[in-house]
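# What the coordinates show
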Amino acid sequence: MIDLHYWPTPNGKKVSIFLEETGTPYRLVPVNIGRGDQFKPDYLRLNPNHRMPAIVDHAPADGGGPLSVFESGAILFYLAEKSGKFWPQDLRGKYEVTHWVIWQMANQGPKLGEAGHFRRLGDREGDQSYAVRRFTDEANRLYGVLNMRLRDRRYLAGDEFTIADIVSYPWTVNWQAQGQDIDEFKHFKRWFEEVGARPGVQRGLAVGADLSTDNSKLSEEEQARIRKILYNQRALPVPD
Ligand SMILES: N[C@@H](CCC(=O)N[C@@H](CS)C(=O)NCC(=O)O)C(=O)O
């Protein structure tokens, strides 16, 4: 059995989509990041970077004790390798998928995350116009990379749906909040609609829907408390 330490955000949904697509049994362990669960000592043992998701596999392939994995890209590699699904293992096919997964982790996730962050922030911390422009442009560039890639192939790594698609899709669901218009990217849009229509993707996206709250509906005091946890982080003290 796999424990999925999870909160319903794009990085968490990469893993829930994989598990739902493959029908892998799992147990959901909520990590309420707005309450600070990511800083609890037990969770830091799974993910020293105090971010979710993380998994614990209680039946790893080597027959040893429980094995934990953090970083959504590493989790997808682990689960795909274990299940033999969504990651071809011939030399060329393997690296077609690998570089797109790393591309997502190093480019699409961080830049779209910052685009959303600065666009949501407004002028609460002073004039953010440069940051908003910078990350909205970067988001646009990255949608362009996906669009170009998808102009002559069905999925990111070729004819087959793989973890390259699973890792990239959840970050595109909120394209409007990232200041984009997907009608600008017709090849991307075709892929976006096709991937979004898969029942496993839809089930994965819906996981934990009951956990999430619309922060804009919370009191100003509650919103400020959550912002303090999420936006003002510095190095954690090292225990003696
Ligand atoms: N590169 C990490 C990023 C994980 C990440 O940033 N998770 C966010 C939610 S999407 C989080 O846990 N945020 C909590 C915080 O900022 O304290 C991964 O892909 O697993």
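Since the model is a prediction, treat every value here as computed from it, not as a measurement. (Residues numbered from 1 in each chain as written. Predicted model: local features only at pLDDT ≥ 70, side-chain atom pairs only at ≥ 80, totals over all residues. Heavy atoms only, no water.)

### Comments concerning the pattern of salt bridges
Worth spelling out the cut-off: By definition here, a salt bridge exists when the distance from a side-chain nitrogen of Lys or Arg to a carboxyl oxygen of Asp or Glu is within 4 Å. Counting from the N terminus, the helices are the DSSP runs of H or I reaching at least four residues and the strands are the DSSP runs of E reaching at least two. Classification of residues uses two cut-offs on accessible area relative to the type maximum, computed with a 1.4 Å probe and protein chains only: under 20% is buried, over 50% is exposed, and between them is partly exposed.
Here the structure, examined in full by the defined rule, presents 16 salt bridges. In this structure, R27 engages D3 in a salt bridge whose closest nitrogen and oxygen atoms are separated by 2.9 Å. On the criterion of sequence distance, the pair formed by R27 in strand β2 (residues 26-30) and D3 in strand β1 (residues 2-6) is long-range, its members being 24 residues apart. According to the relative accessible area criterion, D3 is buried, its value standing at 6%. Between D214 and K217 there is a salt bridge; the shortest N-O distance is 3.2 Å. What you see here is one network of salt bridges that share partners, running through R35, D37 and K40.

### Some thoughts on the UniProt feature "domain: GST C-terminal" (unreviewed entry) in the protein chain
This is how it is decided: UniProt positions are given in the numbering used here, feature names are shortened, and annotations may be inferred rather than shown by experiment.
Those residues carrying the UniProt feature "domain: GST C-terminal" (unreviewed entry) are residues 90-230 in this numbering. When the span residues 90-230 is considered, its composition is 62% helix and 0% strand, and the gap between its end C-alpha atoms is 41 Å.

### A short note on the site of the ligand
Definition in use: Distances are taken per atom, and a residue is near a molecule or strand as soon as one of its heavy atoms is within 4 Å of it. Polar contact is the term for a pair of N or O atoms within 3.5 Å; when the atoms are in protein, one must be able to donate a hydrogen and the other to accept it, and sequence-neighboring residues count only if both atoms are side-chain atoms. Only the protein chains shown count as cover for residues, and the accessible areas themselves come from Shrake-Rupley with a 1.4 Å probe. Classification used: nonpolar for Ala, Val, Leu, Ile, Met, Phe, Trp, Tyr, Cys and Pro, charged for Asp, Glu, Lys and Arg, polar for all others including Gly.
Near the ligand there are 13 residues, and of these Q38, M52, E71, S72 and Q233 occur at the shortest range. The backbone of M52 places a nitrogen or oxygen atom 2.8 Å from an oxygen atom of the ligand. Interatomic distance of 2.7 Å between a side-chain N/O atom of E71 and a nitrogen atom of the ligand. Expressed as a share of its isolated accessible area of 510 Å², the protein-covered part of the ligand is 82%. Considered class by class, the residues forming the shell around the ligand number five nonpolar, five polar and three charged.

### Let's talk about the sheet that holds β2
Note the threshold: Think of it this way: DSSP has to see at least two bridges between two strands before they count as a pair. Axes here refer to lines fitted to C-alpha atoms; in helices the fit is confined to the stretch in contact. Angles between the N-to-C directions go from 0 to 180 degrees. For this analysis, residues touch if any pair of their heavy atoms sits within 4.5 Å.
Strand order in this open sheet of four strands is β2-β1-β3-β4, and the pairing throughout is mixed. With one partner strand each, in any of the chains shown, β2 and β4 (67-70) form the two edges of the open sheet. Going from strand to strand, the sheet's axes swing by 20° on average, the running direction of each strand aside. Where β1 lies against strand β3 (residues 54-57), four bridges are found, and the strand directions are antiparallel. Within β3, the position partnered with L4 by the bridge is I55. With respect to the sheet, helix α1 (residues 10-22) is in contact with β1, β2 and β3, its orientation differing from that of β1 by roughly 150°. Here helix α3 (residues 72-83) sits on the sheet in contact with β1, β3 and β4, set at roughly 135° to β4.

### Regarding the nonpolar core
Spelled out, the test is: By nonpolar core we mean a set of buried residues, namely Ala, Val, Leu, Ile, Met, Phe, Trp, Tyr and Cys, connected to one another through side-chain atoms within 4.5 Å. Reported domain spans reflect what an automatic or database domain assignment gives.
Counting 51 residues, the largest nonpolar core has F18, I55, L79, I163, I166, F188 and W191 as the members making the most contacts within it. Those elements that provide at least two residues to this core are β1, α1, α3, α4 (91-121), α5 (129-149), α6 (163-168) and α7 (186-196). Examining the composition of this core, we find that eight residues originate from one element, α4, more than from any other. Counting contributing residues per domain, this core is built from domain 1 (2-85) and domain 2 (91-197), each supplying no fewer than three. What I163 contacts, discounting residues up to four positions off in sequence, is F18, L76, F77, A80, F86, W87, V97 and V101. If you look at the next biggest cluster of nonpolar residues, it comprises eight residues, including V31, Y43, L46 and A54.

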